[in-house]
Amino acid sequence: MSLSADRPGVIAIAANLAEVRRLAAFLKDFCVRGGVVEAASLDLELALVEAANNVVEHGYTNTGQGEMTLEVSLAGDELRLVLTDGGSPVPEGYFSQCRVVDLDATHGRGCNIIQACVDEIDYVSAGGFNRLTLVKRLQS
């Protein structure tokens, strides 16, 4: 795993489930170096892994083709993750209109998990790219 030489806090990976582990490790390392409390770090890791797995499974339909880029930044009391990909976009309103899913369901819980773990979600799909921004406000 390596930080981008010109933009610390950025990593690009192939869009496959094995590589999603690298995103999680990258975020964890960033949080440790930034002094982020473990509870907030774990929330963000769960949200990130859920979002990235969905990009692989639905955005790129498990083809193993494509790429995702993660940019992580810490400013003041906010940790911001920006996940960018070129796969198929999520349906309009997906992140603002999550549906209730049975607790034992094996699919369809991603939106609820992400919402439970972060304070802000913004999603934009334009020009062939999707950008999901997740913000976690840190307790001081």
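Thresholds applied
Residues numbered from 1 in each chain as written. Predicted model: local features only at pLDDT ≥ 70, side-chain atom pairs only at ≥ 80, totals over all residues. Heavy atoms only, no water. Pairing = 2+ DSSP bridges. Helix = DSSP H or I, 4+ residues; strand = E, 2+ residues; numbered from the N terminus. Axes fitted to C-alpha atoms, helices over the stretch in contact; angles between N-to-C directions. Contact = heavy atoms within 4.5 Å. Buried < 20%, exposed > 50% of the residue type's maximum accessible area, 1.4 Å probe, protein only. Expected span 1.5 Å × (residues − 1). Arc of directions from axis to C-beta. Polar contact = N/O pair within 3.5 Å; in protein donor to acceptor, adjacent residues only side chain to side chain. Parallel < 35°, antiparallel > 145°, perpendicular 65-115°, else oblique. Left-handed = near helix turned anticlockwise from the far one by under 90°.

## Looking at the sheet that holds strand β5 (residues 129-137)
- What the five strands build is an open sheet, ordered β1-β2-β3-β5-β4; its pairing is antiparallel. Two strands close off the open sheet at either side, each with one partner strand: β1 (10-14) and β4 (120-126). When strand polarity is set aside, the average angle formed by the axes of neighbouring strands in this sheet is 15 degrees.
- Here strand β3 (residues 78-85) pairs with β5 via eight bridges, running antiparallel. The partner of L83 across the bridge, within β5, is L132.
- Contacting β1, β2 (67-75) and β3, helix α1 (residues 17-34) runs over the sheet at an angle of about 165 degrees to β1.

## A look at unusual backbone geometry
- The phi dihedral of T61 is positive, around 45 degrees, even though this residue is not glycine.
- Its location among the elements puts T61 in the loop between α2 (38-59) and β2.
- Accessibility expressed as a relative area gives 53% for T61, which makes it exposed.
- Residue N62 is not a glycine yet carries a positive backbone phi of 55 degrees.

## Details of α1
- Counted at 1.5 Å a residue, the expected span for α1 with its 18 residues is 26 Å, and the 26 Å between its end C-alpha atoms agrees.
- Taken residue by residue, α1 has E19, V20, L23, A24, F26, L27, F30 and C31 as its buried positions. An end-on view of α1 places all buried positions within 165 degrees of arc, on one side of the element. For α1, the exposed residues set more than 90 degrees away from the buried face come down to R21, K28 and V32.
- Two or three places before A18, at the opening of α1, N16 has a side-chain oxygen 3.1 Å from that residue's backbone nitrogen.
- Looking one or two residues beyond α1, the residue adopting positive phi is G35, at roughly 70 degrees.

## Quick word on the packing of α1 against α2
- Where α1 contacts α2, the two axes come as close as 10 Å, and the packing angle between them is 155 degrees. By the angle class used here, α1 and α2 are roughly antiparallel. Seen from above, α1 lies across α2 with right-handed handedness. Note on element contacts: α2 touches α1 through S41, L44, E45, L48, V49, A52, N53 and V56, opposite L17, V20, L23, A24, L27, K28 and C31.

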